[in-house]
Amino acid sequence: MARASRNRGEWRPAAQLPVARVAVDVALAHLDRPFDYRVPEHLDVDAVPGVRLRVRFAGRLVDGFLLERVAESAHGGRLAWVEKVVSAEPVLTGEVAALCRAVADRCAGVLADVLRLAVPPRHARVEAEAVPDADPGPAAPAAAEPADTGWRRYPRGPALLDALAGGRAAHAVWQALPGEDWPRRLAEAAAATAGAGRGALLVVPDQRDLDVLHAACVDVLGKDAVVALSAELGPAERYRRWLAVRRGRVRVVVGTRSAAFAPVAPLGLLVVWDDGDDLHAEPRAPYPQVRDVLVLRAHAAGAALLVAGFARTAEAHLLVESGWAREVVAERDSVRVAMPRIAAIGESDTDLVRDPDARAARLPHVAFEAARSALTGGRPVLVQVPRSGYVPYLSCGSCREPARCRHCAGPLGFVGRAPESGGAQLPHCRWCGRADGGFRCPACGSRRLRAGVVGAGRTAEELGRAFPGTTVRASGGGAAVLPTVAPRPELVVATPGAEPRVAGGYGAALLLDGWALLSRPDLRVAEETLRRWLGAVALVVPHRDGGRVVIMADAGLPVVQALVRWDPAGHAASELAGRAEVGFPPAVRMAAVEGGPTAVAEVVDAVLADLPDVEVLGPVEIEPDTATGPGDGDVRERALLRVPRTAGRSLAAALHAAQAARTARKAADPVRVRLDPVELG
DNA sequence: TCAATCCGTATC
DNA sequence: ATACGGATTGAC
């Protein structure tokens with residue numbers, strides 16, 4: 001390599017492909033495109049696609065990634081020099097660069113933001129480390145013979161594994177049976193992929209799931225064939241493992257959210273487990289969701305995709321309904337055999353006659369019985385309670401159906417202060433902002449409203465009194481999350497998502513306060529509640545082994561029916577139909593535009609000028625953004641923009657253009673744009 | 001008529 | 001941030 005001249009005036013351009021196309025690390029919409037720089041001779045060798053570099057941009061030195069080397073630039077003006085190649089490690093592969101661009105386009109965001117999510121910060125010492133030559137071996141340890149695996153319990157399971165073993169890009173939506181050893185199944189799928197000489201990338205919501213999945217993969221594939229990526233690692237270890245993937249030393253990657261961008265190559269299989277979990281939604285701009293990222297990635301890279309879980313989201317169901325993915329589900333008979341017995345107890349049930357011993361614990365007799373018999377049988381009992389601290393909500397004062405706006409089906413609430421002073425305030429829709437004084441429950445016709453709060457704090461204490469002499473453990477909801485508990489006759493009180501695993505399974509589960517879960521002001525409540533219930537029920541032993549579940553919710557509710565019949569697919573179908581009816585994602589494409597009133601109006605107007613057919617809901621006042629600093633009592637608003645799914649790309653493009661117009665003239669107050677937002681407060 | 005200065009805009 | 005181009009101003 002030529003030496004750098006001390007004198008920049010003597011720098012000469014590289015002989016071959018002297019122009020570098022660079023993605024600069026500047027998160028402004030109007031600068032969201034590559035910029036061309038001249039590669040000096042002395043950087044010719046290191047300046048390969050994917051390396052980090054430093055360039056002068058608008059007078060400042062900024063970081064960037066080299067996207068490609070080309071012969072000439074279309075830029076009219078003079079090109080500046082590439083100042084420095086930060087390291088010769090090509091960290092941004094072409095496939096990941098294209099993925100990041102696609103994600104930015106889909107989310108109406110900028111490439112620089114997505115690149116920050118995708119490529120971990122450099123750690124120079126780790127990069128320089130000599131790597132112990134742990135050769136990954138020829139292909140994979142020929143582990144799982146597809147026919148021998150638990151995938152046989154699903155009629156299309158073996159075909160799926162065959163496709164993976166044959167290197168074909170199958171797209172599947174899998175609903176695991178109750179009690180399924182899903183980490184093992186996913187490890188088998190990864191092994192089949194590795195056997196075809198391809199890589200697999202499996203993404204789970206949290207560290208607990210990651211630990212069990214990693215263990216299963218190590219068991220099936222061997223310790224050196226799989227690596228776990230998560231935010232919990234320190235920067236050095238995180239970069240070390242990530243580099244091992246980039247350098248092709250490991251081809252099976254398990255990880256949490258940001259691992260969706262891991263540079264696995266050649267890419268054979270992408271998996272997202274429990275895609276309804278909000279942890280799969282990135283909280284940083286441009287707010288991509290793991291499932292969406294993997295769908296884009298599978299599409300572009302020609303990889304297989306598996307969207308998996310006990311539950312099925314409306315989004316996953318849409319993949320099935322549109323014909324893009326095949327469903328992998330068990331026959332009814334297999335489901336029946338695998339399930340515990342489930343009883344639903346509504347508050348109106350006459351069965352609510354409470355056991356004297358259980359009164360303090362809000363336990364109907366049936367629940368008390370189920371728990372006692374499991375304990376007698378020597379197994380632990382899982383008690384699922386809602387997390388505390390849900391936002392106040394309004395529901396029907398008589399049947400407790402969530403109160404919804406008659407215009408857009410958004411949740412009704414009181415704007416600003418709580419209605420402690422009485423009936424002076426009118427409920428308003430929290431999405432479209434319309435006041436609704438004439439509430440009438442569509443389910444039961446009542447005109448009464450009630451405000452609810454969920455409290456779950458004392459449940460463990462109360463249960464202790466109801467079952468004297470029995471140990472009560474708590475997991476989540478203030479207490480530390482327990483990854484596992486011993487298979488002993490104890491009560492385990494857990495919030496959704498914090499249920500400890502137990503060898504052999506729980507003897508019973510009690511799902512408390514179902515009505516409270518179902519009253520949350522969110523269009524996804526039914527789906528989310530079912531997802532939590534299925535997750536708990538899946539941990540209980542089958543009926544034939546005495547497994548029982550008692551759920552405190554009205555058996556007449558469709559979502560309770562879906563649980564009792566273990567029918568996540570059917571529920572997802574009606575969920576999707578319901579979203580089509582009220583016009584919400586994924587049946588339509590929607591964008592939430594949030595910020596100061598004038599800023600929001602500007603963006604909305606710009607989009608409307610571009611796409612006159614966009615439907616606008618609101619704007620409506622929302623809670624001040626806690627992220628942008630405390631104290632400033634600025635008013636924040638949110639407008640929702642809605643288009644048919646086919647217009648999703650144009651909507652995102654119009655939003656990007658509207659943002660570009662604002663950033664170009666340095667508009668002060670930022671506008672937050674989220675596509676198909678999961679949460680609408 | 002030309003240079004100094006201001007302002008808006010692009011940023012390679 | 002800074003650099004540039006075009007418009008504007010003021011002195012000769």
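Cut-offs and rules
Residues numbered from 1 in each chain as written. Chains lettered and ligands numbered in written order. Predicted model: local features only at pLDDT ≥ 70, side-chain atom pairs only at ≥ 80, totals over all residues. Near = placed C-beta within 6 Å. Helix = DSSP H or I, 4+ residues; strand = E, 2+ residues; numbered from the N terminus. Nonpolar A, V, L, I, M, F, W, Y, C, P; charged D, E, K, R; others polar. Contact = placed C-beta atoms within 7 Å. Pairing = 2+ DSSP bridges. Axes fitted to C-alpha atoms, helices over the stretch in contact; angles between N-to-C directions. Buried ≥ 20, exposed ≤ 12 C-beta atoms within 10 Å, placed from the backbone. Domains from an automatic or database assignment. Expected span 1.5 Å × (residues − 1). Parallel < 35°, antiparallel > 145°, perpendicular 65-115°, else oblique. Left-handed = near helix turned anticlockwise from the far one by under 90°. Arc of directions from axis to C-beta.

### Observations concerning the protein's contact with DNA strand B
Right, so step 1: The local shell around DNA strand B holds 14 residues, among which Asp36, Ala58, His75, Leu79 and Ala80 are the closest.
Right, so step 2: Top element by residues in the surface near DNA strand B is strand 2 (residues 35-38). It accounts for three residues.
Right, so step 3: Of the residues belonging to the surface near DNA strand B, the class tally is eight nonpolar, four polar and two charged.

### Here's the deal with the environment of glycine 276
Right, so step 1: Within the fold, glycine 276 resides in the loop between strand 10 (267-273) and helix 8 (290-301).
Right, so step 2: Each C-alpha atom, one on glycine 276 and one on proline 205, is 9.3 Å from the other, the two residues being 71 residues apart in sequence.
Right, so step 3: Residue contacts for glycine 276: discarding those within four places in its chain leaves Gly309, Ala311, Thr313, Glu527, Glu528 and Arg531.

### Considerations on the sheet that holds strand 28 (residues 672-675)
Right, so step 1: The strand order across the open sheet built from four strands is 26-27-25-28, with neighbouring strands paired in antiparallel fashion. Strand pairing shows two members of the sheet lacking a second neighbour, strand 26 (615-622) and strand 28, which therefore form its edges. Pairs of neighbouring strands in the sheet enclose a mean axial angle of 20°, with direction left out of account.
Right, so step 2: Relative to strand 28, strand 25 (residues 588-595) is paired through four bridges, and the arrangement is antiparallel. Counterpart to alanine 591 in the pairing with strand 28 is leucine 675.
Right, so step 3: Contacts from helix 18 (residues 648-664) reach strand 25, strand 27 (636-644) and strand 28, with the element oriented near 15° to strand 25.

### Thoughts on the pairing of strand 23 (residues 508-511)
Right, so step 1: Burial along strand 23 is two-sided: the face carrying Ala508 and Leu510 and the face carrying Ala509 and Leu511 are both buried.
Right, so step 2: Sheet topology places strand 14 (residues 381-384) next to strand 23; four bridges connect them, and they run parallel. Paired with valine 381 across the two strands is alanine 508, which belongs to strand 23.
Right, so step 3: Bridging between strand 23 and strand 24 (residues 548-551) involves four bridges; their strand directions are parallel.

### Focus on the domain arrangement of chain A
It is common to give the size of an interface as the accessible area lost on bringing the parts into contact.
Right, so step 1: By domain assignment, chain A separates into domain 1 (8-128), domain 2 (146-333), domain 3 (340-389 + 454-565) and domain 4 (588-675).
Right, so step 2: Centre-to-centre, using C-alpha coordinates, domain 2 lies 33 Å away from domain 4.

### Observations concerning helix 7 (residues 235-246)
Right, so step 1: Here helix 7 spans 16 Å end to end across twelve residues, near enough to the 16 Å set by a 1.5 Å rise per residue.
Right, so step 2: Here the buried face of helix 7 lies against helix 3 (124-128), strand 8 (226-229) and strand 9 (252-255).
Right, so step 3: Glycine 248, located one to two residues past helix 7, shows a positive phi value of around 80°.

### Some details on the packing of helix 1 (residues 94-107) against helix 2 (residues 111-118)
Right, so step 1: Two elements in contact, helix 1 and helix 2, have axes separated by 9 Å at closest approach and are oriented at 125°. Relative to helix 2, helix 1 is oriented oblique. Along this stretch, helix 1 crosses helix 2, giving a crossing that reads as right-handed. Residues Val96, Cys100, Arg101, Val103 and Ala104 of helix 1 lie in contact with helix 2, whose contacting residues are Leu111, Val114, Leu115 and Ala118.
Right, so step 2: When its residues are assigned to classes, the contact of helix 1 with helix 2 shows eight nonpolar, no polar and one charged.

### Focus on the packing of helix 17 (residues 597-610) against helix 18
Right, so step 1: Helix 18 packs onto helix 17 with a crossing angle of 130° between their chain directions and a minimal axis gap of 9 Å. Regarding the angle of helix 17 to helix 18, the classification is oblique. For the pair helix 17 and helix 18, the crossing hand works out as right-handed. For the pair formed by helix 17 and helix 18, the contact residues are Glu602, Val603, Ala606, Val607 and Asp610 on the first element and Ala654, Leu655, Ala657, Ala658, Gln659, Ala661 and Arg662 on the second.
Right, so step 2: Along the lines of polarity and charge, the residues of the contact of helix 17 with helix 18 split into eight nonpolar, one polar and three charged.

### What about unusual backbone geometry?
Right, so step 1: The linkage connecting alanine 265 with the following residue, proline 266, adopts the cis geometry, with an omega of -5°.
Right, so step 2: Its place among the elements puts proline 266 in the loop between strand 9 and strand 10.
Right, so step 3: Cis geometry is found at the peptide bond from glycine 618 to proline 619, where omega equals 5°.
Right, so step 4: The topology assignment puts proline 619 in strand 26.
Right, so step 5: Positive phi is not limited to glycine here, since aspartate 274 has a value of about 60°.
Right, so step 6: For aspartate 274, the location among the structural elements is in the loop between strand 10 and helix 8.
Right, so step 7: Phi at aspartate 676 takes a positive value of approximately 45°, unusual for a residue other than glycine.
Right, so step 8: Mapped onto the fold, aspartate 676 is located in the segment after strand 28.

### Regarding the sheet that holds strand 12 (residues 326-328)
Right, so step 1: In spatial order, the strands read 8-9-7-10-11-6-12; together these seven strands make up an open sheet with parallel pairing. Both edges of this open sheet fall to strand 8 and strand 12, since each of them pairs with a single strand only. When the angles between neighbouring strand axes are averaged without regard to direction, this sheet yields 20°.
Right, so step 2: Pairing geometry for strand 8 and strand 9, over four bridges, is parallel. In the sheet register, valine 226 faces strand 9, and the bridge partner there is valine 252.
Right, so step 3: Sheet strands touched by helix 7: strand 8 and strand 9. Its angle to strand 8, the strand with the most contacts, is close to 135°.

### Observations regarding helix 11 (residues 365-376)
Right, so step 1: Along its twelve residues, helix 11 runs 16 Å from first to last C-alpha, staying within 8% of the 16 Å computed at 1.5 Å per residue.
Right, so step 2: Along helix 11, the residues classified as buried are Ala367, Phe368, Ala370, Ala371, Ala374 and Leu375. One side of helix 11 holds all its buried residues, which, seen down the axis, span an arc of 165°.
Right, so step 3: Its buried side turned inward, helix 11 meets strand 14, strand 23 and strand 24.
Right, so step 4: Phi for glycine 378, located one or two positions after helix 11, is positive at around 90°.

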